[in-house]
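Structural overview for review
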Amino acid sequence: MLLQVQERAWNPWHELERMEAEIGRIFGDMGMSGAPAFPALNAWTGEEDVVVTAGMPGMEPKDIEISVVDKTLTIKGERGGASETDGRTYHRRERSLGRFVRKLDLPYRIEASSVSARFANGVLKVTLPRAEDDRPRKIAIEATAN
Amino acid sequence: MTGEKTTVENSATVAPEKVFCPHTDIYEDGENFYIELEMPGVDEQSLYVTIEKNLLAVCGTVKAEEFPGHRQVLGEHEADGYRRTFTLPDETDREHIQATIKNGVLYMLVPKAAPATARRIEVTTG
């Protein structure tokens, strides 16, 4: 008698493979270089505005470019290295340098003209107020007589 | 044994302090050693630099800013402080170490000193 072969055998790795695919999708566009992104960002969202702080030691405000397009905040700039490194012997080199770009998705559209930014002690603080027309609006319900 | 519940009155819960090792560049040229430490959020008021024998210690604290009514969604730089120590070589002039902090970076300059030169000691007859 022929044994009936199961067409769909239970795959013990099915759950794990599914999880791996999910995680791969989420982290797909993150670089796997292992180096932390510069600058390091902290972000707080509120009903009225979003506040973002960035750790950018050794930078001058004139080297930083902040822009808001739709619901994305972009911080970019360049960390210049020392102008003359001739005659120097480095024993330790941990500070990073070069161009950097960081983008952050915002929860709502921003009033671009009221964005304020402050730079103190190497920390940039950007306050992004919510756009007027992106605030939740109460919709009045008309009662009709039946 | 009857279980007795003891409660500690007014116990303050202290969150562990996150102290990080700052990114540092160390280099030298003919005359000096240079040490640059990255400590965003630290200014000269919250900085403590000490030298003892040949151990140079840097300690900086950061005051975290609060945003009531907001929910934190990202926290990539949450240091409460920075700490690092350096052992200086013998041929350094510890009396003339300079330290300046600008935009969250501490720049230190340690001048090199000539090694102690040999000299003759006068002997007196007693």
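The shown structure was predicted, so the numbers you read here are calculated from the model rather than taken from an experiment. (Residues numbered from 1 in each chain as written. Chains lettered and ligands numbered in written order. Predicted model: local features only at pLDDT ≥ 70, side-chain atom pairs only at ≥ 80, totals over all residues. Heavy atoms only, no water.)

Next up on the list: the confidence of the model for chain B. Caution is warranted with low-pLDDT regions, since their predicted coordinates should not be read in detail. Across chain B, pLDDT averages 84, with 83% of residues at or above 70. As a predicted assembly, this complex carries a pTM of 0.73 together with an ipTM value of 0.74. (pLDDT = per-residue confidence, 0-100.)

Every contact between the two is made by 34 residues of chain B and, on the other side, 35 residues of chain A. The salt bridge partner of E38(B) is R95(A), with a shortest N-O separation of 2.8 Å. The tally of links between chain B and chain A comes to 27 residue pairs in polar contact (both at pLDDT 80 or more). Among the elements of the structure, strand 2 (24-28), strand 3 (32-38), strand 6 (71-75) and strand 9 (105-111) of chain B are those that each provide at least two residues to the side of chain B that touches chain A. Class assignment of the residues belonging to the side of chain B that touches chain A gives a composition of 12 nonpolar, 10 polar and 12 charged. Two strands pair when backbone bridges link them, and strand 5 (residues 89-93) of chain A and strand 2 of chain B are joined in this way by four bridges, in the antiparallel orientation. If you follow R93(A) over to strand 2 of chain B, its bridge partner there is D25(B). (Contact = heavy atoms within 4.5 Å. Salt bridge = Lys/Arg side-chain N within 4 Å of Asp/Glu carboxyl O. Polar contact = N/O pair within 3.5 Å; in protein donor to acceptor, adjacent residues only side chain to side chain. Helix = DSSP H or I, 4+ residues; strand = E, 2+ residues; numbered from the N terminus. Nonpolar A, V, L, I, M, F, W, Y, C, P; charged D, E, K, R; others polar. Pairing = 2+ DSSP bridges.)

What follows covers the nonpolar core. Judged by nonpolar contacts, the single largest core of 19 residues is most densely connected at V52(A), M56(A), I64(A), L73(A), I75(A), L124(A) and L128(A). Of all the elements in the fold, those that place two or more residues in this core are strand 1 (40-45), strand 2 (49-55), strand 4 (72-79), strand 6 (98-105) and strand 8 (123-129) of chain A. Setting aside residues no more than four positions away along its own chain, M56(A) makes contact with F38(A), P39(A), I64(A), I75(A), F100(A), F119(A), G122(A), L124(A) and N103(B). Residues F33(B), L56(B), I101(B) and M108(B) belong to the second largest nonpolar core, which totals 17 residues. (Core = buried A, V, L, I, M, F, W, Y, C linked by side-chain atoms within 4.5 Å. Buried < 20%, exposed > 50% of the residue type's maximum accessible area, 1.4 Å probe, protein only.)

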